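The residues making up each chain are set out below.
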Amino acid sequence: MTRSLERTNAVGEDTARVDGRAKIAGRAPYAYEHPVDRPAYAHPIQATIAVGRVRGMDSERALAVEGVHAVLTPDNAPRLRTGQDAELEILQEPDVAFRGQLIGCVVADTPEIARHAADLVEVDYERRDHDVSFPRESFDLYRPDVVNPSYETDTDDGDVGTALASADVRVEGEYRTARNHNNPLEPHTTVAVWDADGLTLHDSTQGVHSLREVVAGLFDLDESQIRVLAPYVGGGFGSKGTPHAHVVLAALAAKRMPGRPVKLALTRQQTFTLTGYRTPTVQRVALGADRDGRIDALAVDVEEQTSRIKEYAEQTGVPSRTMYAAPNRRTSHRLATLDVPVPSWMRAPGVCPGMFGPEVAMDELAERCGLDPIELRLRNEPDRDPETGKPYSSRNLAECLRVGARRFGWASRPAEPRQTRQGEWWIGTGVASSTYPVHHSPGSAARIERETDGRYRVSIGAVDIGTGAWTVLGQIAADALGVPFEDVVVRVGDTNLPFASVAGGSSGTANWGSAVVAAAQGFRARFGDDDPPAGSEHTEVAPENPDTERFAMHAFGAQFAEVHVSADTGEVRVPRLFGVFATGRIVNPRLARSQFLGGMTMGLSMALHEDGVMDERLGMVVNHDLAEYHVATNADVPSVEAEWIDEDDPHVNAMGTKGIGEIGIVGTAAAIANAAYHATGVRVRELPVTADRFLAS
């Protein structure tokens, strides 16, 4: 492993974002804003049935509109290589697998003309019965081979059934999370242009190299014939981490317009169908403990939905495998195959919904054991990772709980629920633990160059999705090179730069930063520490880390919530959220705090608002815009604060960093549900926590 980065000047500083001023001033072009000459515009045509077949498409009226250049259909679209990914292999067959599936597009001189003409295309369908109902009392379930990305589907250690039967205290319950949708501020957009050299894509993506690889396979091109650029991306949260069908549609449309760029921007409504979503889950959780609260049995059995054309199995049961000591443990995942769009990544996939059921069940267990919820968690701290038996590289969950309890004012909390009322409001507090794995993706590389003005250029094909990579990679490089931060220039977001892994899994800083440190140290080894000549250059791949085989590596945290519930209307308010996290070394406190607060706000949104409502008659989510699919706003949480433990972990990587982007969301919904119970005495086991659940009380 490369030697650790020294604690010097830039890393740890509260440095402002280097891209911030350009974004505020509108000088940072996002994909759709990239200036191109004479662009044409594509607008999708989507299926208006849930299952069936396109018998024919009449494009005559659309083609008669002035400014329309082409109408692509399954009958005339360019051919793709098929048989690998049915979500992306669009316009190759007339079959319809879900409502909203792409079945064509119009290419025109303006987006308004394209949209108008798309409405004029008449489609004749052969309809078939569809099935989109989840959950329901009985349906066929199957066991996937693995769960995202490659975890074991089921685990079974000890004898859970016997241990539960003999336990002094048991909690057995069914917990449900809703269908959630990513809604990044920047919509999903692509600008595509074919020329003699191949295909260029300006895309709102979380990974330029991974996108290039997929598109190359679909169009049967060498990767050298494709260039993908994404210097600025306005949020992704997982929905831009894997390619979706609209990128392919833009490239197909541009292939009909050789040499002329084609722009495509999905509407907000279209993103609810075409860019993935978090599957709803049913979690059957069982905990068995002795009278002192020490857990002897833990089981989490999960049911989820997937699409009929492409499997996605969320790893919902995985986080419970590492959270608490229990000699008898079981997790399982089963899928219902439905006629729905393809689910995919959403911030902290699997871990976020997977912590809701178990952490609410822990609150119930604490009550039945007569223990404080924090004390129960402390009593079940494992010495080693319960799943692998490996020691943790660092595990400071207990410290997060203790520090959080002290700073939140937990000691003044009444032990019994429904004890505090001010006017119409019942008031309660709750806590939940959180964890997120440290992900290592091999292969990221960085290049260091000395420029003529004396500065150092750091180039890596990473993507900054709004998290601050432009800034933190410069801080890491400055310390690795031993120069001031102002002497470093960072370039990202281009497949012409060295390979970088996807901006996902809270892994960007760890993987890309390791490559930057390796390149900087290699540069100094070649050219010395003094004043290397302009043009000096060195590229290096991040080294393998043998400690990943020796240690279990996770970030941890504790979230606290204060909840008010109206005795008259059942309205739920969250005036205060507080989180304490142990995520290794913090490279930039300003950006880290922003990530923690953003994650907790998304967790609040999941807890109180977010629910994609499926109309089973039509086979579609009907609240498919931000007028009816509610997300949290500033008014929903007057105070949200985050702190962290100064954690020194030399094993995770050269910087000592763990991921911070996703752990903030993980325990928040459970903490809010637990606080709502403490306020009212009404236990809510299904998200979102809405007013109707309290009206009977």
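Right above here is the structure, for reference.
None of these values were measured; they are calculated from a predicted model.

**Here's the deal with empty space enclosed by the protein**
Once rolled over the atoms, a probe with the size of a water molecule shows which space is left empty.
Right, on to step 1. Within this structure, the stated rule accounts for two cavities of 30 Å³ or more.
Right, on to step 2. In this model, the largest cavity occupies a volume close to 60 Å³.
Right, on to step 3. Along the walls of the largest cavity sit H188, D203, S204, T205, L211, S239, K240, T242, P243, H244, H246 and V247, which together make up its complete lining.
Right, on to step 4. Looking at the lining of the largest cavity, its residues break down into three nonpolar, seven polar and two charged.
Right, on to step 5. Approximately 40 Å³ is the volume attributed to the second largest cavity.
Right, on to step 6. As for the second largest cavity, its lining consists of L298, S320, M323, Y324, M355, P358, E359 and M362.
Right, on to step 7. Of all the secondary-structure elements, those providing two or more residues to the lining of the second largest cavity are α8 (320-323) and α9 (351-369).
Right, on to step 8. Ranked by residue count, the leading element in the lining of the second largest cavity is α9, at four residues.

**Quick word on helix α13 (residues 508-527)**
Think of an α-helix as 3.6 residues a turn; residues three or four steps apart then line up on the same face.
Right, on to step 1. With 20 residues, α13 ought to run about 28 Å at 1.5 Å a step, and its terminal C-alpha atoms sit 28 Å apart, in line with that.
Right, on to step 2. Here α13 lies mainly inside the structure; 16 of its 20 residues are buried.
Right, on to step 3. Two residues or fewer past α13, G528 is found with a positive phi of approximately 85 degrees.

**A closer look at the sheet that holds strand β20 (residues 445-450)**
Right, on to step 1. In space, the four strands of this open sheet follow the order β22-β21-β20-β23, with mixed pairing throughout. The open sheet has two edge strands with one neighbour each: β22 (488-491) and β23 (537-541). Mean inter-strand twist for the sheet, computed between neighbouring axes without regard to direction, equals 20 degrees.
Right, on to step 2. Alignment of β20 against β23, held across five bridges, turns out to be antiparallel. Bridging across to β23, R447 finds its partner in T539.
Right, on to step 3. Contacts between helix α12 (residues 469-481) and the sheet are confined to β20, β21 (456-459) and β22, with β22 contributing the most and set at about 135 degrees to the helix.
Right, on to step 4. Strands β20, β21 and β23 of the sheet are contacted by α13, whose axis makes an angle of about 140 degrees with β23.

**A short note on helix α3 (residues 111-120)**
Right, on to step 1. Within the sequence span of α3, burial applies to A114, A117, A118 and L120. In an axial view of α3, the angular spread of the buried residues amounts to 150 degrees, which keeps them on one side of the axis. Opposite the buried face of α3, by more than 90 degrees, sit the exposed residues E112 and D119.
Right, on to step 2. Its buried side turned inward, α3 meets β1 (40-46), β2 (52-58), α2 (60-63), β3 (68-72), β5 (102-108) and β6 (122-127).

**Structural notes on the pattern of salt bridges**
Right, on to step 1. Inspection of every chain in the model, using the stated rule, returns 44 salt bridges.
Right, on to step 2. For R334, the salt bridge is made with D154, and the minimal N-O distance between the two is 3.0 Å. With a gap of 180 residues between them, R334 in strand β17 (residues 328-338) and D154 in the loop between β8 (151-152) and β9 (155-157) connect regions that are remote in the sequence.
Right, on to step 3. According to the relative accessible area criterion, D154 is buried, its value standing at 18%.
Right, on to step 4. In this structure, R278 engages E314 in a salt bridge whose closest nitrogen and oxygen atoms are separated by 3.5 Å. With R278 in the loop between α7 (268-274) and β15 (281-289) and E314 in the loop between β16 (295-307) and α8, this pair connects stretches of sequence that are 36 residues apart. The pair R278 / E314 is uniform in exposure class, with both members buried.
Right, on to step 5. When salt bridges with common partners are traced through the structure, they connect E174, R176, R284 and E303 into a single cluster.

**Some details on the environment of R407**
Right, on to step 1. Tracing the sequence through the fold places R407 in helix α11 (residues 397-408).
Right, on to step 2. Spatially, the C-alpha atoms of R407 and R550 are 35 Å apart, while their sequence positions differ by 143 residues.
Right, on to step 3. Apart from the residues lying within four places of it in its own chain, the contact partners of R407 are F578 and E643.

**Some remarks on the layout of surface pockets**
Right, on to step 1. Quantified by volume, the second largest pocket comes out at close to 590 Å³.
Right, on to step 2. Looking at the second largest pocket, it is lined by 27 residues, and the ones nearest its centre are Q46, A47, T48, G100 and Q270.
Right, on to step 3. Among the elements of the structure, β1, α3, β6, α7 and β27 (620-621) are those that each provide at least two residues to the lining of the second largest pocket.
Right, on to step 4. Its residues assigned to classes, the lining of the second largest pocket comprises 13 nonpolar, nine polar and five charged.

**Digging into the environment of L365**
Right, on to step 1. Summarising the element assignment, L365 is placed in helix α9.
Right, on to step 2. Sequence-wise, L365 and F523 are 158 residues apart; in three dimensions their C-alpha atoms are separated by 56 Å.
Right, on to step 3. Ignoring anything within four residues of it in the chain, the contact list for L365 reads V169, V171, L287, A289, I295 and L376.

**Comments concerning unusual backbone geometry**
Right, on to step 1. F134 connects to P135 through a cis peptide bond whose omega is -10 degrees.
Right, on to step 2. Relative to the assigned elements, P135 resides in the loop between β6 and β7 (146-147).
Right, on to step 3. Residue P149 follows N148 across a cis peptide bond; omega there is -10 degrees.
Right, on to step 4. Looking at the secondary structure, you find P149 in the loop between β7 and β8.
Right, on to step 5. If you check the backbone angles, L91 has positive phi at about 60 degrees while not being a glycine.
Right, on to step 6. Following the sequence through the fold, L91 ends up in the loop between β3 and β4 (95-96).
Right, on to step 7. When its relative accessible area of 3% is taken as the criterion, L91 is described as buried.

**Regarding the packing of helix α5 (residues 208-219) against helix α6 (residues 245-255)**
Right, on to step 1. Taken N-terminus to C-terminus, the directions of α5 and α6 make an angle of 50 degrees; their axes are 11 Å apart at the nearest point. Taken together, the axes of α5 and α6 lie oblique to each other. For α5 against α6, the interelement crossing comes out right-handed. Facing α5, whose interface residues are L211, V215, L218 and F219, α6 presents V247, V248, A251, L252 and K255.
Right, on to step 2. For the contact of α5 with α6, the class distribution of residues is eight nonpolar, no polar and one charged.

**Some points on the nonpolar core**
One recurring pattern in soluble globular proteins is that nonpolar side chains are buried together.
Right, on to step 1. In this structure, L365, F560, I672 and V689 are the most contacted members of the largest nonpolar core, which totals 86 residues.
Right, on to step 2. Counting residues per element, this core draws most heavily on α9, which supplies ten residues.
Right, on to step 3. The residues contacting F560, other than those within four sequence positions of it, are I374, C400, L401, G404, A405, F408, W410, G430, V431, R576, L577 and F578.
Right, on to step 4. Counting residues in hydrophobic clusters, the runner-up holds 82 residues, among them L102, I448, I465 and A469.

**A short note on the sheet that holds strand β19 (residues 425-437)**
Right, on to step 1. If you trace the five strands from one edge of the open sheet to the other, you get β18-β19-β24-β25-β28, paired in mixed fashion. Lying at the two open borders of the sheet, with one neighbouring strand each, are β18 (420-422) and β28 (639-644). When the angles between neighbouring strand axes are averaged without regard to direction, this sheet yields 25 degrees.
Right, on to step 2. Pairing of β19 with strand β24 (residues 554-566), which is carried by 13 bridges, proceeds in the antiparallel orientation. Of the residues in β24, the one forming a bridge with Y436 is A555.
Right, on to step 3. Packing of helix α15 (residues 589-608) onto the sheet brings it into contact with β25 (572-582) and β28, and relative to β28 it is tilted by some 130 degrees.

**Considering the pairing of β3**
Right, on to step 1. Taking burial as the measure, the five residues of β3 include four buried ones, the bulk of the element.
Right, on to step 2. Where β3 and β5 come together, four bridges link them in antiparallel fashion. Of the residues in β5, the one forming a bridge with V71 is V106.

Rules of the game
Residues numbered from 1 in each chain as written. Predicted model: local features only at pLDDT ≥ 70, side-chain atom pairs only at ≥ 80, totals over all residues. Heavy atoms only, no water. 1 Å grid on protein atoms, 1.4 Å probe; cavity = no way out; pocket = protein on both sides within 12 Å on 5 of 7 lines; lining within 4 Å. Points joined across faces, edges and corners; volume = space filled by probe spheres on them. Nonpolar A, V, L, I, M, F, W, Y, C, P; charged D, E, K, R; others polar. Helix = DSSP H or I, 4+ residues; strand = E, 2+ residues; numbered from the N terminus. Expected span 1.5 Å × (residues − 1). Buried < 20%, exposed > 50% of the residue type's maximum accessible area, 1.4 Å probe, protein only. Pairing = 2+ DSSP bridges. Axes fitted to C-alpha atoms, helices over the stretch in contact; angles between N-to-C directions. Contact = heavy atoms within 4.5 Å. Arc of directions from axis to C-beta. Salt bridge = Lys/Arg side-chain N within 4 Å of Asp/Glu carboxyl O. Parallel < 35°, antiparallel > 145°, perpendicular 65-115°, else oblique. Left-handed = near helix turned anticlockwise from the far one by under 90°. Core = buried A, V, L, I, M, F, W, Y, C linked by side-chain atoms within 4.5 Å.

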